[in-house]
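Here is what each chain is made of, one letter per residue.
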Amino acid sequence: MTSPVREPDARGFFGTFGGRYMPEVLMPALEELGKAFEEVRGNAAFQGELRTVMEEYSGRPTPLTACRRYAGAGEDFVLELKREDLNHTGAHKINNTLGQVMLAVRMGKTRIIAETGAGQHGVATATAAALFGLPCVVYMGVEDIRRQALNVERMKLLGAEVFPVDQGAGTLKDAVNEAMRDWVRNVGGTFYVLGSAVGPHPYPVMVRTFQSVIGIEAREQFTQRHGTLPDLLVACVGGGSNAAGLFHPFLDTSVQMVGIEAGGTGDDPGRHGSSLGLGSPGIFHGSLSYVLQNDDGQIVTAHSVSAGLDYPGVGPEHSQWKESGSVAYYRVSDGEALEATRGFTRDEGILPALEAAHALAWIFREREGLAGKKVLMCLSGRGDKDMETLLEGRV
Amino acid sequence: MDRLDRTFREPGKKLIIYLTAGYPSPGADEELAHCAIEAGADILELGFPFSDPVADGPLIQEASRVALENGMSLRGTLALAGRIRKRKDTPLILMGYVNPVYRMGYGTFSQRAADEGVDGIIVPDLPMEESGPLKGDLHRAGISLIPMAAPTTPPARVERLLSSGSGFLYLVSMTGLTGDAIASSADWKPVAASARDMGKLPVCLGFGIRHGRDAAEVVGDVNGVVVGSAVTRVIMEAGSPDAALRSVDELIRELASAVNSG
Ligand SMILES: Cc1ncc(COP(=O)(O)O)c(C=O)c1O
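Analysis parameters
- Residues numbered from 1 in each chain as written.
- Chains lettered and ligands numbered in written order.
- Predicted model: local features only at pLDDT ≥ 70, side-chain atom pairs only at ≥ 80, totals over all residues.
- Heavy atoms only, no water.
- Near = heavy atom within 4 Å.
- Polar contact = N/O pair within 3.5 Å; in protein donor to acceptor, adjacent residues only side chain to side chain.
- Areas by Shrake-Rupley, 256 points an atom, 1.4 Å probe, with all protein chains shown as cover.
- 1 Å grid on protein atoms, 1.4 Å probe; cavity = no way out; pocket = protein on both sides within 12 Å on 5 of 7 lines; lining within 4 Å.
- Sits in = over half its atoms within 2 Å of the grid points.
- Nonpolar A, V, L, I, M, F, W, Y, C, P; charged D, E, K, R; others polar.
- Salt bridge = Lys/Arg side-chain N within 4 Å of Asp/Glu carboxyl O.
- Buried < 20%, exposed > 50% of the residue type's maximum accessible area, 1.4 Å probe, protein only.
- Helix = DSSP H or I, 4+ residues; strand = E, 2+ residues; numbered from the N terminus.
- Core = buried A, V, L, I, M, F, W, Y, C linked by side-chain atoms within 4.5 Å.
- Domains from an automatic or database assignment.
- Contact = heavy atoms within 4.5 Å.
- Axes fitted to C-alpha atoms, helices over the stretch in contact; angles between N-to-C directions.
- Parallel < 35°, antiparallel > 145°, perpendicular 65-115°, else oblique.
- Left-handed = near helix turned anticlockwise from the far one by under 90°.

Student: Please clarify how the site of the ligand should be interpreted in this entry.
Tutor: All names here are of chain A. Not every one of the 18 residues close to the ligand is listed here, only the nearest: S196, G238, G240, S241 and S380. In the model, an oxygen atom of the ligand is placed 2.7 Å from a nitrogen or oxygen of the G240 main chain. Within the side chain of S380, an N or O atom sits 2.6 Å from a nitrogen atom of the ligand. Summarising the interface, the protein chains cover 97% of the accessible area of the ligand, which totals 390 Å² for the free molecule. Among the cavities detected, the one that contains the ligand is the largest cavity. Here the residues of the shell around the ligand sort into 5 nonpolar, 11 polar and 2 charged.

Student: For this particular structure, what's the right way to read the pattern of salt bridges?
Tutor: It is possible for side chains bearing opposite charge to pair when their charged atoms get close. Tallying each qualifying case throughout the model produces 42 salt bridges over all chains. Among the salt bridges present, the one from D85(A) reaches R83(A), with a minimum N-O distance of 2.9 Å. R83(A) gets classed as buried once you look at its relative accessible area, which sits at 10%. Where R140(B) meets D137(B), a salt bridge forms, and the shortest distance between an N and an O atom there is 3.0 Å. One end of the pair, R140(B), and the other, D137(B), are both in helix α7 (residues 132-141), 3 residues apart, so they sit about a helical turn from each other.

Student: Explain the nonpolar core to me, please; I cannot follow it from the model alone.
Tutor: Nonpolar side chains in soluble globular proteins tend to end up buried together. Grouped together as the largest cluster of nonpolar side chains are 106 residues, with contacts concentrated most on L246(A), I17(B), L44(B), F109(B) and V225(B). No other element matches the 10 residues that helix α12 (residues 241-260) of chain B contributes to this core. When residues of this core are assigned to domains, at least three fall in each of domain 1 (13-53 + 93-207) and domain 2 (60-91 + 212-392) of chain A. Discounting chain neighbours no more than four positions away, the residues touching V225(B) are K14(B), L15(B), I16(B), L205(B), I209(B), A215(B), V218(B), V219(B) and V259(B). Counting 85 residues, the second-largest nonpolar core is a separate cluster that includes V53(A), I112(A), M155(A) and Y97(B).

Student: Help me understand the packing of helix α1 (residues 27-41) of chain A against helix α8 (residues 203-211) of chain A in this model?
Tutor: When two helices pack together, their arrangement is given by the angle between the helix axes and by the axis-to-axis distance. Residues and elements named next belong to chain A. Interaxial distance between α1 and α8 falls to 10 Å at its minimum, and their mutual angle equals 30°. Here α1 lies roughly parallel to α8, going by the angle between them. Once α1 is placed against α8, the crossing between them reads as left-handed. Of α8, the residues touching α1 (which contributes L30, L33, F37 and R41) are Y203, V205, M206, R208, T209 and F210. Among the residues forming the contact of α1 with α8, the class breakdown is 7 nonpolar, 1 polar and 2 charged.

What follows is the structure in structure tokens.
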């Protein structure tokens, strides 16, 4: 295990992963965004304003909840949940969108665009845009529109325009493509709020920084309650933003970290979303990172029962954590995640998002090995949005 | 590379025609390529398809999708270039997204491309900052990495693009996608003018040029024009392979006559 790179270099590389692989049209805009982000990172006024909005609008800090029954937690091992599901709009996504939309306002941008998979990032972006009075367009694949109908209506209520994307499989990757195309066309006044720690530099570091509030708070809350650091961190990994937000503030410790990818319905191409577990390095959506691809370098469609993990790429910082051995990545199947959702909801009285249920399912699978350990998991969102999928019982 | 330089040293404006390899079908693509050259294309640009073409509008997206369905690949595109090269001495450039090239390996790609008689490559998602490793391998193989500029590119960056690139400067006419209509605001003109003043590479304008009239309007300010989506459209709208050949021939003759009188 080599020690992980804590921050990317000036060109956005975490070791060998990252970079800025984008059309020339967008290069000055990415440059401008990188500068603006670096500026607000150390700007006390901006950070203070962001903290106030987080507290007074989104309900931060989110609590830690100790599990009492699930998988033997409470008796055999400690399982603390960082309750990102209790954020305004029901997921960690708003930590990032409030930060980015405030940055957009500061940069004088007048229009917000975003992609969404589960609809959580779309709702969180539409919410932040409503709060700051900016028009918002959200790109969403037609398959995701079908399985996340409630979130589509929420976005519309929030005043956003939801643009259906019917290319490809009509999921998150196609929505990102279309959002990038919009940005190419409207680069002057438009701010692209990217929803995970992926994309060209500075998005991976920017999104992770805005999400680090998860790990910073959780570290303090956990040590206050237990007088010690956790033994193990667990989070689900789609693009990797909630996981990176939890993990990064612990990189200076020896706490073990585990990221859970979508195992879908099997290991064959097209059946899962395990870029780190089953993919290989490639250049996709603006950065060099692990990706699901064939021999010709074509991106392979991902699959997951959870729309938020249904993505064939992953953030470059995770690729570097995989290579350095800082984080171990495993995968959990659709079936395991659905079963964990039902079991956990009954045991703890909390309906988790299907994405987060992947992390819960891994804990269930590993429960014997966890005996005596203290585990801290990011419960990235709530599962109301998944009711239709749960009712369909589709796998 | 020599073929490209030679072409631009010859007097007159140049017409660059883009075709997607594997579209509308393997075999028909090759016939279309020969047809394009015979109708007056000075340089042929062969697109190798990619699953996620973020800089392309609906026409080239659709052509790429069909090409992939037809089994086209980067390897297949290189083989197609080689077959065209056997019969024609026209400069051939490849155009496509970086991942297939990265996946094949920059060194392997460069060697194979040289073996097949390819003269240059355009990679829209490989900006100057990330192009070093590929450029090194291409240079050793004698192939140009053709730089792209846009109306948003500041003059200092245009200068760096010109000094570090080779072949010609591909100037995108607007902040848009392939197939979008060319903007009447002509934001590209100042970039073309400063590139011309710097004088290091010929400048060719692409994106949004649909017919002879468009070409005639812009060609005075540049060394050549690139036409892709308009060609793709006539292929898509043709009812049969023969009709596609006839329409492509007609469109390219119209474009060539506009470019040559420019
Ligand atoms: C609740 C929830 N968790 C996790 C994710 C996955 O994203 P990431 O890996 O960026 O945290 C999503 C994405 O939509 C989500 O909605």
